[in-house]
Structures are given as structure tokens and as C-alpha cells.
Amino acid sequence: MLDRQSRIEQALHALLPAPEVAPARLHAAMRYAVLGGGKRVRPLLAYGAGELAGADPQRVDRAAAAVEMIHAYSLVHDDMPAMDNDVLRRGKPTVHVEFDEATALLVGDSLQSLAFQVLAEIKLADDPSRQVEMIGMLARAGGSRGMAGGQAIDLAATGLSLSVTELEFMHIHKTGALIRASVALGARCGGALSEAQLDSLDHFSKFIGLAFQVVDDVLDADSSTATLGKTAGKDAENNKPTYVSVLGLERARKLARELRDDALDALASLPRGGGHLRELADFVVLRKF
Ligand code: GRG
């Protein structure tokens, strides 16, 4: 994990515009938002899937960087006063606090564009139609039928009590879509997997995306701001429906373990039983931040 975290850091460092290039303040803010923080779960998933598909790691660097850029943009916008209004992210002041709101908006816009540039500008899959498919997958995952739509549902749900099914629908979009895209894009950088194996990977990523969110809710309720590097207890403070508010802490923890087991089962038909993706499933569920 450490090797791959350092690999994605270097890839992002190289792909982001240099801070001295004009407009320097925007580029400095983009680098501030992306570099030097975060668990890099989505890139790790892309590398894990890419490895199973026999992909050239340099291709996976770009797929992993693209999903991480979309993720970083979503965090920057989510932290803004119009949304979650938070001052701390990845242990540092949020982008609109460190820079200003207009810059934070532009950081998100620019990271989103850069993600697609990074996916589109060089060959990433043996078959060009595969690469077009990858670009479409990331677009759908980030859009109104994916992450942005999930965020809209989340904003509308504040103060409401949701059923587990409604909560799941929200998170499949808000968090799950990008996690699913991370695995799908990484896998499509290589050609070694059959369509059936790609389907199994997709099942894995759906389970792991939900497990990720359940654990996120548990940590928000059960951990400190210092450990998380972001403000803890915000869900309850903002009256947001979560797996903890709907199920309680213990049942939420149990659900995360069950989803992890389902994710591991989905890997059974893959080379080396899913290789590093097995360990990542454990990391997602056992993480403390
Ligand atoms: C603004 C379009 C738009 C979308 C925002 C992802 C998101 C949607 C909001 C983030 C708020 C949040 C707490 C979401 C739940 C799970 C989540 C994505 C947590 C943060 O991801 P991590 O834990 O963060 O992977 P790091 O910092 O490790 O990358």
C-alpha cells in the first residue's frame, strides 16, 4: 500500500500543473487540494484491479489519478459553505478557507476537466473503444446519475429519517459510483480479464463501496477530529441520516463486516483470489480514519 500510495503521489505531482505556471494561485490551490493527504483508496483499488488485468502500471497511474482528481474535486466542493461548510480536510484547512471560495469553485471545475484530459490524451487500453468506454464510465460515475446526484439526494435528506434502502440508494450514488469506477477503469487498462471476471469485479466494487460508506458513518460517530483529519460528529450535528442513526453503532459495524465478506466472495473467480483487492477490502472495513 505504501509503495502504491507513493506511486500515485508522484503521478499526481507530475500530472497537476506546476504551481509557478499561470494562473499560479489556481494551480497552487489545485495542488493543495490533491497532494499530500488522503488514504488514496480509489487509486489503490484501481491499481489492485489493474494488476489482476495484467495492466501496464503506467496506464493505471492515469486511471488512478483521474479518479482521485474527481474525488478531490468533490471534497473541495463538498466542504464549501453552500454544502457541508467545513474548515478541516485531510488535517489541513479546507481549500476555501486556505484560499477563497471563488478559487475553491475553480479548483473543483479544473480538477474535473483535468481528470478527463488525463484519461483521454494518451493510449490507456489496447482497444481504443475500451478507452472511450472508460471515459464514459468516469463521466457517468461523477454526474447526476452518480456522485453529483448522490450529493443532491444527500443535501435534500438533511433532517429526514430514511429507511436503510433509501440510505443505500443515496450512497450507491454519492460514494459508491466513484469507487466502482476506480475498479472498472483500473481493470480496463489491461486485457487479461474475461467479461465474466469484469462483472465479478463490478460486484466486488459495489459491496466495497457500500462498506466504505458504512465505515465512514461509524467513524464519524465514533472517532475524534484529530484521528480523522476532518471534523468528527458532523453527521449528527447536521441531523443527517446515516447508517449509525438508522441502525445504531453495533448493527452498522456488523453490516460493514457482512459487506466485506460479500465483497470477498465476489473475488473468488479472479486470478489469485483477487490479489491485493482482498487486503484492500480489509483495509476499507478495519481502517481507523
Ligand atoms: C460536491 C459533486 C459533489 C460531491 C460530493 C464525496 C462527496 C460528494 C462528499 C464528501 C463527503 C463525504 C463525507 C462523503 C462520504 C464518504 C467519503 C467520500 C469520504 C471521504 O473519502 P475518503 O475517506 O477521503 O476516501 P480521503 O481524504 O482519504 O481521500
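Given the structure is predicted, the values throughout are model-derived calculations rather than measurements.

A.B. asks: Which parts of the structure should I look at to understand the side chain of R89?
C.D. replies: By secondary structure assignment, the location of R89 is in strand β1 (residues 88–89). R89 sits in the buried class, given a relative accessible area of 17%. Within the structure, R89 has its side chain in polar contact with the side chain of D79 (distance 2.9 Å).

A.B. asks: Explanation requested: the packing of aromatic side chains in the structure shown.
C.D. replies: Note on aromatic pairs: each is described by the distance of the centres and the angle between the planes. Tallied over the entire structure, the rule returns 1 aromatic pair. Centre to centre, the rings of Y32 and F99 are 5.5 Å apart; their planes meet at 75 degrees, and the pair counts as edge-to-face. One end of the pair, Y32, is in helix α2 (residues 24–34); the other, F99, is in the loop between α5 (95–98) and α6 (101–120), and 67 residues separate them in sequence. The class of Y32 is buried, set by a relative accessible area of 17%. For F99, a relative accessible area of 18% translates into the label buried. Positioned above the aromatic ring of F212, the side-chain terminus of R42 is 5.2 Å from the ring centre. A cation over an aromatic ring shows up here: R287 above the ring of F212, its NZ or CZ 4.1 Å from the ring centre.

Cut-off values and rules
- Residues numbered from 1 in each chain as written.
- Predicted model: local features only at pLDDT ≥ 70, side-chain atom pairs only at ≥ 80, totals over all residues.
- Heavy atoms only, no water.
- Helix = DSSP H or I, 4+ residues; strand = E, 2+ residues; numbered from the N terminus.
- Buried < 20%, exposed > 50% of the residue type's maximum accessible area, 1.4 Å probe, protein only.
- Polar contact = N/O pair within 3.5 Å; in protein donor to acceptor, adjacent residues only side chain to side chain.
- Phe/Tyr/Trp six-rings, centres within 6.5 Å; stacked < 30°, edge-to-face > 60°.
- Lys NZ or Arg CZ within 6 Å of the ring centre and 35° of its normal.

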